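What follows is the residue order along each chain.
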Amino acid sequence: MDQLRIRGGRRLAGEIVISGAKNAALPEMCAALLTAERVQLQNVPSLNDVTTMARLLKTLGVALEMGDRGDPTLVLTANDVTSREAPYELVKTMRASILVLGPLLARFGEARVSLPGGCAIGTRPVDQHIKGLQAMGADIVVEHGYIVARAKRLQGARITTDMITVTGTENLLMAATLADGETILENAAQEPEVGDLAEMLIAMGARIEGHGTSRIRIVGVERLHGVEHRIVCDRIEAGTFLCAVAAAGGDAVLRHARGDHLEAVIEKLREAGATIDAGDGWLRVRADARPRAVSVRTSEYPAFPTDMQAQLMALDCIADGAATITETIFENRFMHVNELLRLGAKIEVDGRVAIVQGVEKLSGATVMATDLRASAGLVIAALVADGVTVVDRIYHLDRGYDRMEAKLRTLGADVERVAA
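Residues numbered from 1 in each chain as written. Predicted model: local features only at pLDDT ≥ 70, side-chain atom pairs only at ≥ 80, totals over all residues. Heavy atoms only, no water.

**Student:** What am I meant to see in the overall build of the protein here?
**Tutor:** Counting its regular elements, the protein contains 14 helices and 26 strands. Relative to the globule expectation of 22 Å for 420 residues, the C-alpha radius of gyration of the protein, 21 Å, shows essentially globular dimensions. A principal-axis box enclosing the C-alpha atoms of the protein has dimensions of 65 × 45 × 40 Å. Looking at the protein as a whole, 58% of its 420 residues are labelled buried. Considering only contacts within the protein whose residues lie at least 6 apart along the sequence, 74% involve residues at least 24 apart. Summed over its atoms, the accessible surface of the protein is roughly 16,000 Å², and 45% of this surface lies on carbon and sulfur atoms. Counting 47 positive and 55 negative side-chain charges, the protein places the averaged centre of each group 2 Å from the other. (Helix = DSSP H or I, 4+ residues; strand = E, 2+ residues; numbered from the N terminus. Rg over C-alpha atoms; globule rule 2.2 N^0.38 Å. Buried < 20%, exposed > 50% of the residue type's maximum accessible area, 1.4 Å probe, protein only. Contact = heavy atoms within 4.5 Å. Areas by Shrake-Rupley, 256 points an atom, 1.4 Å probe, with all protein chains shown as cover. Lys, Arg positive; Asp, Glu negative; His and termini not counted. Charge placed at Lys NZ, Arg CZ, Asp CG, Glu CD.)

Written as structure tokens, this is what we have:
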């Protein structure tokens, strides 16, 4: 099991390229199930979750051609799908596997998908997926740990989810593209990754409007065709590097990054004292002084994202002043707090609220990553800590960050991946 060994105290300067978004790549890989024709995805990030999704699609009979590290292209052809079942052995390792449910049901009239199981950061129920597909006429039962769904052809429906759910919106959006008639998704997720999926589906022949708002309208078509699609850049990766430079100090340019997808994050980092400029396909961040403490409350897009909460907390740990961080999305997303305390941070947690009192210095120690974004928060803390910090269990990090240690080294950080 690999670790990152980080010697803190270095400013970050230079240029890096932001990779394609994990949270767009995974549903867009599943969207290939909606057509028998060739789907080519460009700007595919090199991540463990992408590899896991590829394995799942292969078990269904999808043919895949993956480029090497220098060629982030993936070609998927689902003209010979031999199975309609997503097995527990794969689904348990990645909750996004539930995204095969809608496409399989819409195109083939049946699907058997394992329930995802537990999640470290909190409850992520799939009942909204089931409720929506049932409203579209699917016959669904849950038996022996599997969602078993059947429908001769899905029917358009008006669906209002009880909560905003990104994967729920994506599953229902994909299913509705081949349904008979009009589907209206109310209370839909507005994340850029949802919009990117919609744009890909439109290029495949789908009739969709309203994506990027809370109300999406889809008129089903008989069939979809192949497509070449470039995956949108990863706003959370970009936000993580912005936060790292704001905490450690320096001057960095992020290529292929989009400021319009990060407005809430950029606002908070400017409040913390960083200077951030945005252009067409790039962001520049400069920081020359100790950051000021900033309080945040996570919420659905376009508000401050829960996936940036741990990274901003790491910045607040060494900021001037005290900050309050309120987590509204997941009930168990402060697991990184105990690890930050090992580095000398001062944090008190009361339910979903964390009060962070900034200290002048953190001290290197061995810490353990507990989930994907917690890993990134610990890396940022390590970059500003005195001495050496070892971040253990970085397989979490590899799920969502494409060669993070290499990009940090490009910016001048002293980071080494070592075998435990």
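Read on, since the account is not over.
**Student:** Would you mind showing me how to read the pattern of salt bridges here?
**Tutor:** Oppositely charged side chains are able to pair whenever their charged atoms sit close together. Throughout the structure, instances matching the rule amount to 27 salt bridges. Here glutamate 182 makes a salt bridge to arginine 217, at a shortest N to O gap of 2.5 Å. Separated by 35 residues along the polypeptide, glutamate 182 in strand S11 (residues 182–186) and arginine 217 in strand S13 (residues 215–219) bring together distant segments of the chain. The shortest N-O distance in the salt bridge between aspartate 398 and arginine 417 comes to 2.8 Å. Of the two residues, aspartate 398 sits in helix H13 (residues 395–400) while arginine 417 sits in strand S26 (residues 414–419), which places them 19 residues apart along the sequence. Among the charged side chains, a network of salt bridges with common partners joins Asp2, Asp398, Glu405 and Arg417. (Salt bridge = Lys/Arg side-chain N within 4 Å of Asp/Glu carboxyl O.)

**Student:** Looking at this structure, I do not really get empty space enclosed by the protein. What am I missing?
**Tutor:** If a probe as big as a water molecule is rolled over the atoms, it shows which places are left empty. Tallied over the entire structure, the rule returns one cavity of 30 Å³ or more. Approximately 40 Å³ is the volume found for the largest cavity. Lining the largest cavity we find Ile159, Thr161, Thr169, Leu172, Leu185, Glu186, Asn187 and Ala188. Looking at the lining of the largest cavity, the elements that each hand over two or more residues are helix H6 (166–176) and S11. For the lining of the largest cavity, the class distribution of residues is four nonpolar, three polar and one charged. (1 Å grid on protein atoms, 1.4 Å probe; cavity = no way out; pocket = protein on both sides within 12 Å on 5 of 7 lines; lining within 4 Å. Points joined across faces, edges and corners; volume = space filled by probe spheres on them. Nonpolar A, V, L, I, M, F, W, Y, C, P; charged D, E, K, R; others polar.)

**Student:** Where do I start with the sheet that holds strand S6 (residues 85–86) in this structure?
**Tutor:** Pairing between sheet strands relies on hydrogen bonds along the backbone, with the strands arranged either parallel or antiparallel. An order of S6-S7-S9-S8 is seen for the four strands of this open sheet, with the pairing classed as mixed. Single-partner strands in this sheet number two, and they are S6 and strand S8 (139–143). With five bridges connecting them, S8 and strand S9 (residues 146–150) associate as antiparallel partners. Directly across from aspartate 139, in S9, lies its bridge partner arginine 150. (Pairing = 2+ DSSP bridges.)

**Student:** Whenever I open this one, the nonpolar core confuses me. Can you help?
**Tutor:** Within the largest apolar cluster, 77 residues are counted, with the highest numbers of intra-cluster contacts made by Met29, Leu57, Leu76, Val100, Leu133, Leu154 and Leu201. Other than its neighbours up to four places away in sequence, methionine 29 contacts Leu41, Val50, Met53, Ala54, Leu57, Leu74 and Leu76. Ranked by size, the runner-up nonpolar core spans 71 residues in total, among them Ile6, Ile18, Ala252 and Val356. (Core = buried A, V, L, I, M, F, W, Y, C linked by side-chain atoms within 4.5 Å.)

**Student:** I keep staring at the pairing of S9 and nothing clicks. Help me out?
**Tutor:** When a strand is regular, its side chains alternate between the sheet's two faces. For S9, a buried count of four out of five residues is recorded, marking the element as mostly surrounded by other parts of the structure. As paired strands, strand S7 (residues 110–114) and S9 are joined by five bridges and run antiparallel to one another. Among the inter-strand pairings, alanine 111 is bridged to a residue of S9, identified as alanine 149. Hairpin remark: S8 followed by S9, antiparallel, with two residues in the connecting loop; positive phi at histidine 144, about 55 degrees.

**Student:** Sorry if this is basic, but what is going on with the sheet that holds strand S21 (residues 353–357) here?
**Tutor:** One open sheet holds the four strands; their spatial order is S18-S19-S21-S20, and the pairing between them is mixed. Since the sheet does not close on itself, it has two edges, and those belong to strand S18 (296–297) and strand S20 (346–350), each with one partner. The sheet contact formed by S20 and S21 spans five bridges and is antiparallel. From the neighbouring strand, isoleucine 347 faces S21, where its bridge partner is valine 356. Strand contacts of helix H10 (residues 309–317): S18, strand S19 (322–326), S20 and S21, with the helix running at about 30 degrees to S21, the strand carrying the most contacts. (Axes fitted to C-alpha atoms, helices over the stretch in contact; angles between N-to-C directions.)

**Student:** It is not clear to me how the packing of helix H1 (residues 22–31) against helix H7 (residues 192–203) should be interpreted in this structure. Could you clarify?
**Tutor:** In helix packing, the relevant descriptors are the interaxial angle and the interaxial distance, both defined with respect to the helix axes. Their axes nearest at 9 Å, the elements H1 and H7 cross at an angle of 30 degrees. When the interaxial angle is binned, H1 and H7 end up roughly parallel. Of the two elements, H1 crosses H7, and the hand of that crossing is right-handed. On H7, the residues touching Asn23, Ala24, Pro27, Glu28 and Ala31 of H1 are Glu193, Asp196, Leu197, Met200 and Leu201. In terms of residue class, the contact of H1 with H7 is made up of six nonpolar, one polar and three charged. (Parallel < 35°, antiparallel > 145°, perpendicular 65-115°, else oblique. Left-handed = near helix turned anticlockwise from the far one by under 90°.)

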